[in-house]
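Examination of the molecular architecture
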Amino acid sequence: MQRGTLADRMGVEYVEVSAERVVGRMPVAGNTQPYGLLHGGASVVLAETLGSTAAAIHAGPERIAVGIEINATHHRSATSGHVTGVATRLHGGRTLATYDIEITDDQGRRVCTSRLTCMLRDR
């Protein structure tokens, strides 16, 4: 994780990293909205961070991955602990890579489901 990035400031940590699957976690504390619930935008930041990382690995060192579409469905709130995201590749082509990202709370309950598509471009 590069210092000073949004994901760094939000406390995102990588657990597992490959082109097919990236797992990461983020604390709920510091990433909440005024009611003390995990901010939906924080879930989207986690999803895009994990999916973009996987797409960049898939793209290879001479190419870059740029997010072009993301969606998210928020299923339940989280108020403490960490949330864990698992980005799984759905499509890995020459110009596009798409990932399904499932975010769960510390009890394994689904908090958010997201899908990210990245365009792969020459560096």
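Our subject in this report is the structure included herewith. Treat the numbers as computed from the prediction; the structure is a model and nothing was measured. (Residues numbered from 1 in each chain as written. Predicted model: local features only at pLDDT ≥ 70, side-chain atom pairs only at ≥ 80, totals over all residues. Heavy atoms only, no water.)

Both strand β1 (residues 13-17) and strand β2 (residues 21-27) contribute to a ladder of four bridges, which runs antiparallel. Its bridge partner lying in β2, E13 is registered against R25. Remark: three residues form the turn of the hairpin made by β1 and β2, two consecutive strands paired antiparallel. (Pairing = 2+ DSSP bridges. Helix = DSSP H or I, 4+ residues; strand = E, 2+ residues; numbered from the N terminus.)

M26, L38, L46, V83, I101, I103 and V111 are the most contacted members of the largest nonpolar core, which totals 27 residues. Secondary-structure elements contributing two or more residues to this core are β2, α2 (40-59), β4 (82-92), β5 (96-104) and β6 (110-122). The element contributing the most residues to this core is α2, with eight residues. Excluding its chain neighbours within four sequence positions, the residues that come into contact with V111 are L38, S43, T73, H74, H75, R76, A78, V83, I103, T104 and D105. (Core = buried A, V, L, I, M, F, W, Y, C linked by side-chain atoms within 4.5 Å. Buried < 20%, exposed > 50% of the residue type's maximum accessible area, 1.4 Å probe, protein only. Contact = heavy atoms within 4.5 Å.)

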